[in-house]
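# Examining the three-dimensional arrangement
Given next are the chains, with one letter for each unit.
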Amino acid sequence: MHMPARLAIRTRVAALLFAPLLLPAASGCDVVTADLKHSETAEWRKTYELAPGGRVEINNVNGKIVVEPSTGRSVEVVAVKTARAASSEGAKQALERVEIEDQSTSEAVRVSTKYPRAGGWMTRGGVNVTYTVHVPAAAEVRFTTVNGGVELTGLGGRITAETTNGGIVARNVSGAIEASTTNGGVDVDLASVAEGGAKLECTNGGIKLRISPDARASISASITNGGIDTGSLRLETTESSRRRLVGRLNGGGPSIRIEGTNGGIVLNAR
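I will try to describe carefully the structure that is included in this document. (Residues numbered from 1 in each chain as written. Predicted model: local features only at pLDDT ≥ 70, side-chain atom pairs only at ≥ 80, totals over all residues. Heavy atoms only, no water.)

### A word on the sheet that holds strand E2 (residues 55–59)
By definition, the strands of a sheet pair up through backbone hydrogen bonds, in either a parallel or an antiparallel sense. Heads up, the condition is: The rule for pairing is simple: two strands pair if DSSP sees at least two bridges between them. Strands are runs of DSSP state E lasting at least 2 residues, helices are runs of H or I lasting at least 4, and numbering of each runs from the N terminus. Angles shown run from 0 to 180 degrees and are taken between the N-to-C directions of axes, each axis being a line fitted to C-alpha atoms and, for helices, limited to the stretch in contact.
With mixed pairing, the eleven strands of this open sheet are ordered in space as E5-E6-E2-E8-E10-E12-E14-E20-E16-E19-E18. Two strands in the sheet have a free side with no partner beyond their single neighbour: strand E5 (99–102) and strand E18 (235–240). Taking the axes of each pair of neighbouring strands and ignoring which way they run, one obtains an average angle of 10° across the sheet. Judged from the six bridges that link them, strand E16 (residues 217–225) and strand E19 (residues 244–249) form a sheet pairing that is antiparallel. The residue bridging Ser 218 from the neighbouring strand is Arg 248, located in E19.

Listed below in structure tokens is the structure:
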């Protein structure tokens, strides 16, 4: 079976993204030999009131995004920047070079991490930004990061989660979900299957999906290198092999598509 086109493209993109991170190690000894014993942190915090039907988007680069439901219509975003360098002054300067960009309105909260375009910041100490976000459970959300994971709990709106080097974990979610990663795993626990279904993709790593045995869904799963395990789910299959599965749960329903390249796929009853 050929690698899905979208996953093949993502693999090439990951290689391009990851390559610059290796350059300082090859061209400058300070990354390898420097004792980065000094660290500095800074916190960015803001609260918004989101209009009904609003959207929340967080775009990170180096660091994790953790998301939980809030009360009412409030959105709280807390970004903690952490820099390590060979000196305290170097760590402080690294913090100042990394900005939190806020382009939010009442209809759309959009917060992004911005690193300087000029090269060399890695040789003076890297900066990690960790986001902790509380959003209305029913809001549409999109969370992306390059080097880090995404963790979601208790959300019921449309969900998009993407990362390059890191895993995606979604617990007790009931909204339509699209989750994709290049190097990491995808672990999704569906409290219910939304009309928009689910689309889960992973290039290097396993994919796990837990779903109610009483749910109605039409499931298709494919893996290039690995196997597919349906666990205790009673599926009516129309195609079933080690690397390809097509079936219906309780007569069929919203579409659930699962695509992997290197790793296994595990489906189980929650």
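Having put the structure on the table, let's press on.
### Digging into the environment of Val 127
As a reminder, the rule being used: Burial classes follow relative accessibility: with a 1.4 Å probe on protein chains only, a residue under 20% of its type's maximum area counts as buried, one over 50% as exposed, and anything between as partly exposed.
Following the sequence through the fold, Val 127 ends up in strand E7 (residues 127–135). Under the relative-accessibility criterion, Val 127 is labelled buried at 4%. Along the primary structure Val 127 and Val 61 are separated by 66 residues, whereas in three dimensions their C-alpha atoms are 9.6 Å apart.

### So, the side chain of Glu 57
How we decide: Pairs of N or O atoms within 3.5 Å make up the polar contacts considered here, provided that, within protein, one atom can donate a hydrogen while the other can accept it, and that residues adjacent in sequence are counted only when both atoms are side-chain atoms. Contacts are residue-level and defined by heavy atoms, with any inter-residue pair within 4.5 Å sufficient.
Within the secondary structure layout, Glu 57 lies in strand E2. Side chain to side chain, Glu 57 and Asn 59 meet in a polar contact 3.0 Å long. Setting aside anything within four residues of it in sequence, one finds Glu 57 in contact with Val 109, Arg 110, Val 111 and Arg 142.

### A word on the environment of Glu 99
Inspection of the secondary structure puts Glu 99 in strand E5. In this structure the C-alpha to C-alpha distance between Glu 99 and Ser 112, which are 13 residues apart in sequence, comes to 8.4 Å. Other than its neighbours up to four places away in sequence, Glu 99 contacts Ser 112, Thr 113 and Lys 114.

### Considerations on the nonpolar core
Quick reminder of the rule: Buried residues of nine kinds, namely Ala, Val, Leu, Ile, Met, Phe, Trp, Tyr and Cys, make up a nonpolar core once their side-chain atoms join them within 4.5 Å.
With 61 residues, the main nonpolar core has Tyr 131, Phe 143, Leu 152, Val 188, Ile 256, Ile 258 and Leu 267 as its most contacted residues. The contacts of Val 188, once residues within four sequence positions are left out, are Ala 170, Val 173, Ile 177, Leu 200, Lys 208, Leu 209 and Arg 210.

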